[in-house]
Amino acid sequence: MRPTAPEVRGAEPAGVVVVAGVSIGPTEPIRVIAGPCSVESLEQFRETATAVKAAGARLLRGGAFKPRTSPYSFQGLGREGLEIMREVADDLGMGVVTEAMAADEVALVAEFADMIQIGARNMDNRALLDAAASSGRPVLLKRGMAATVDEVLRAAEGMAARGCGEIVICERGSRTFEPSTRNSLDISCVPEVKLRSTLPVIVDPSHGTGRRDLVTPAALAGVAAGADGLIVEVHPEPDVALSDGEQSLRADSFGEFVASVRRMARAVNRTL
Ligand code: PEP
Ligand code: MN
């Protein structure tokens, strides 16, 4: 049975979340949050940010604390990464979305970021969710790779109960038996979350597919399904990226990507 009223209520009116002056929600233009998986250097981040801004993005993503499955993988620049993102975002007049991995990291991340990302591996980390909810920053809550829609809504509800109204849900794919993609992007999650909450929903076609050649079609499917935005990995030289190069769009092709998303947005009566 479908609920007659939303189970999880976000910010009023109509669940619009504002990040660094950029409004995300069903009444707003489609927002594209873009940047590298990891912040690698000032030059790499500035080059990426300049390219995505030129294509129309107003919010930057980038990882300073990276939740890498292997201990041999690049773990991020930490505080230096946060400083780089803030410096570049301020220079370009953009906002920063970045992940905090632990409750005791939240205050530091909140100092530099405009929105705190909770990664898929941490959706169930109650102490982290509580710290993010109390940080005063909007939160991007990524659905866990083995979490049901109900579970991600309950995680959001827990943060809402702590007074955090500014929550955006991100569908980033689930781990399934399908080996051709890194994860299986659950497009129906988008309208389902919207039926059951007033929270904005965005789609991550980068982690959702793990493949550059699938990022655009997956992004378009997300927008067609009603997503309020996208979070996309972009790198000036994906072949030498320290993380997730294989799923990163090339910075010089990001404009083309945005043009495709804009056409789909128009088809579903949205703007970008
Ligand atoms: C990321 O956004 O870089 C990331 C690690 O995503 P996820 O938590 O969805 O794997
Ligand atoms: Mn990544």
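Since the model is a prediction, treat every value here as computed from it, not as a measurement. (Residues numbered from 1 in each chain as written. Chains lettered and ligands numbered in written order. Predicted model: local features only at pLDDT ≥ 70, side-chain atom pairs only at ≥ 80, totals over all residues. Heavy atoms only, no water.)

Draft legend 1. Inspection of the overall build of the protein chain at higher detail. Scanning the protein chain from N- to C-terminus turns up 9 helices and 11 strands. Taken over the C-alpha trace, the protein chain has a radius of gyration of 17 Å; the compact-globule value for 272 residues is 19 Å, and the two agree within 12%. Principal-axis analysis of the C-alpha atoms gives the protein chain an extent of 50 × 40 × 40 Å. Taken across its 272 residues, the protein chain has 56% of its residues classed as buried. Sequence separation of at least 24 residues holds for 69% of the intrachain contacts in the protein chain that already meet a minimum separation of 6. Accessible surface, the protein chain: about 10800 Å² in total, of which carbon and sulfur atoms supply 52%. (Helix = DSSP H or I, 4+ residues; strand = E, 2+ residues; numbered from the N terminus. Rg over C-alpha atoms; globule rule 2.2 N^0.38 Å. Buried < 20%, exposed > 50% of the residue type's maximum accessible area, 1.4 Å probe, protein only. Contact = heavy atoms within 4.5 Å. Areas by Shrake-Rupley, 256 points an atom, 1.4 Å probe, with all protein chains shown as cover.)

Draft legend 2. Seen up close, helix α9 (residues 254-267). Taking 1.5 Å of rise per residue, 14 residues should cover 20 Å, and α9 covers 20 Å from first to last C-alpha, within 8% of that figure. Burial in α9 covers these residues: F254, F257, V258, S260, V261 and A265. Looking straight down α9, one finds that the buried residues subtend no more than 160° of arc, so they occupy a single side. In α9, the exposed residues that point more than 90 degrees away from the buried face are E256, R263, R266 and A267. Contacts from the buried residues of α9 go to β3 (31-35), α1 (42-54), α8 (212-224), β10 (229-235) and β11 (249-250). N269, located one to two residues past α9, shows a positive phi value of around 60°. (Expected span 1.5 Å × (residues − 1). Arc of directions from axis to C-beta.)

Draft legend 3. Inspection of the site of ligand 1 at higher detail. In the vicinity of ligand 1 there are 13 residues, among which R61, K66, A120, R121 and R172 approach most closely. For ligand 1, an oxygen atom lies 2.8 Å from a polar atom in the side chain of R61. Its free accessible area being 300 Å², ligand 1 has 97% of it covered by the protein chains. Within the shell around ligand 1, the residues separate by chemical class into 3 nonpolar, 3 polar and 7 charged. (Near = heavy atom within 4 Å. Polar contact = N/O pair within 3.5 Å; in protein donor to acceptor, adjacent residues only side chain to side chain. Nonpolar A, V, L, I, M, F, W, Y, C, P; charged D, E, K, R; others polar.)

Draft legend 4. How the structure looks around the nonpolar core. Within the largest apolar cluster, 68 residues are counted, with the highest numbers of intra-cluster contacts made by L141, F254 and F257. Look past the residues within four positions of F254 in its chain and what remains in contact with it is V32, A34, V52, A55, A57, V234 and L249. Core analysis: the second largest hydrophobic core is formed by 13 residues, V17, V19, I33 and I202 among them. (Core = buried A, V, L, I, M, F, W, Y, C linked by side-chain atoms within 4.5 Å.)

Draft legend 5. Up close: the coordination of the manganese ion (ligand 2). Every protein donor of the manganese ion (ligand 2) is accounted for by C37 (SG), H207 (NE2), E233 (OE) and D244 (OD), and the metal-donor separations fall at 2.0 to 2.4 Å. Its relative accessible area of 0% is what places E233 among the buried residues. (Donors = N, O, S within 2.8 Å, 3.2 Å for Na, K, Ca; no water.)

Draft legend 6. Structural view of the packing of α8 against α9. Viewed as axis vectors pointing N to C, α8 and α9 meet at an angle of 25°, and their least axial separation amounts to 9 Å. Taken together, the axes of α8 and α9 lie roughly parallel to each other. When you trace α8 past α9, the crossing you get is right-handed. Here α8 contributes V215, T216, A219, L220, V223 and A224 to the contact with α9, which in turn contributes F257, S260, V261, M264 and A265. Taken together, the residues of the contact of α8 with α9 sort by class into 9 nonpolar, 2 polar and no charged. (Axes fitted to C-alpha atoms, helices over the stretch in contact; angles between N-to-C directions. Parallel < 35°, antiparallel > 145°, perpendicular 65-115°, else oblique. Left-handed = near helix turned anticlockwise from the far one by under 90°.)

Draft legend 7. Geometry of helix α5 (residues 149-161). Relative to the 18 Å expected for 13 residues at 1.5 Å per residue, α5 spans 18 Å between its end C-alpha atoms, a close match to the ideal helical length. For α5, every residue scored as buried is listed here: V149, V152, L153, A155, A156, G158 and M159. Contact partners of the buried residues in α5: α4 (126-133), β7 (139-142), β8 (167-171) and α6 (189-196). One or two residues past the end of α5 sits G163, with phi positive at roughly 95°.

Any functional reading would require information that these geometric values do not contain.
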